Amino acid sequence: MSITDERATAARPAPAAMPLVAPQIPSYAPALAGVLAAGIAALLGLLLGWSLVAVVLVAWALFVLVLPAWSAAVEGNRRAKDRLVTTIAWSTFALAMIPLVSLVWEVIENGHAVISSEFLTYDMRGVLGAGGGIYHALMGTLIITGLATAISVPIGVLAAIYLVEYGKGNRLARTITFLVDVMTGIPSIVAGLFAFALFTLIFGPGVRFGFGGAVALSVLMIPIVVRATEEMLKLVPEELREASYALGVPKWRTIVKVVLPTALGGIVTGVTLAIARVAGETAPLLIIVGTTTTLNLNPFDGRMATLPVFIFSSVTTGGKYDAEQTARAWGAALVLVAIVMTLNLLARAVGKIFAPKTGR
């Protein structure tokens, strides 16, 4: 290299070092943008006399505009689009939570004052005004729902096993799948009419008993159990079945010892959610079970009270003691919501407990 080339190389400026971290807006930017949007919306609401709903909508619109615009100016369009989509996703989640939170709050606010040991351990025999409880309806709900579960779970699980393990798309399997899809969309009152017509043909007109309600609820539960079990069985890796067959294990034993234990967590979760789904049904129980003010623990003899029907009858009877009946309805609704919520939490816990263990 000549002396001239060396001097030119020495005079050439060194390339600027590229930053390793792209510019970002501060971590408190979403909170700051939210405060600014809320403040501007509140000021406009005070000046223009807007309602609270209008102020919230304007604040949300300003937040959706301000945060992505700030991000675009500092971080670039790609990150701005990501923040825009994230904001919309969280907004839709908050919008979906509003009915749930308001419902739970309303039930707790109106029903907590009625809950007591007497309310949970007494029935309504001879009660006209204050007093009485939901013990007869609570036990009726537990008994009828338990019978419906005992009917639905074996039928639903066995049907799903046939569809996944034996049917493999044949004509009978396609027919069963079609019928399950149809049953999934059946209105609950139609299930009650089916049970009422069935037992009227067997026992004569005017039949009312708890087992009929269990049959009606099982019509609603079976398609849910079939679908949940079918999807869980499909998630079991085919390699597990093939490894069992390679060891000479019969197919039925492979299903019992390999497939079902692997899918047990999802199956139990689906069954629990199906129970929670039918625990609050009113129309079929009102048709085939009826209602009563006394405790009846025999599902094969006479009318039984259930929580949904108790709530319905309490708010529709009216009369002199309408306030007491409405208060009892709110209390029963709170107990029913607590049962359904407990079943959903139990389904999540059971799913985690029975989920296949992974590790090294």
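Residues numbered from 1 in each chain as written. Predicted model: local features only at pLDDT ≥ 70, side-chain atom pairs only at ≥ 80, totals over all residues. Heavy atoms only, no water.

- By the naming in an unreviewed UniProt entry, the protein chain goes by Phosphate transport system permease protein PstA and is assigned to Nocardioides marmotae.
- UniProt, in its Sequence similarities (unreviewed entry) section for the protein chain, records the words "Belongs to the binding-protein-dependent transport system permease family. CysTW subfamily."
- Note on the protein chain: under the UniProt heading Function (unreviewed entry), the record states "Part of the binding-protein-dependent transport system for phosphate; probably responsible for the translocation of the substrate across the membrane." (UniProt positions renumbered as here; feature names shortened; annotations may be inferred.)

With respect to the pattern of salt bridges
Logical step 1: For the coordinates displayed, the defined rule picks out 7 salt bridges.
Logical step 2: Ionic pairing is found between Arg241 and Glu165, a salt bridge with its closest N-O pair at 2.8 Å. Taken as a pair, Arg241 in helix H10 (residues 238-246) and Glu165 in helix H6 (residues 135-167) lie far apart in primary sequence, 76 residues in all. Taken as a pair, Arg241 and Glu165 share a single burial class, namely buried.
Logical step 3: Put simply, Arg227 and Glu230 hold a salt bridge, and the shortest N to O gap is 2.9 Å. Here Arg227 pairs with Glu230, and both are found in helix H9 (residues 210-234), just 3 residues apart, close to one helical turn.
Logical step 4: A relative accessible area of 24% places Arg227 in the partly exposed class. (Salt bridge = Lys/Arg side-chain N within 4 Å of Asp/Glu carboxyl O. Helix = DSSP H or I, 4+ residues; strand = E, 2+ residues; numbered from the N terminus. Buried < 20%, exposed > 50% of the residue type's maximum accessible area, 1.4 Å probe, protein only.)

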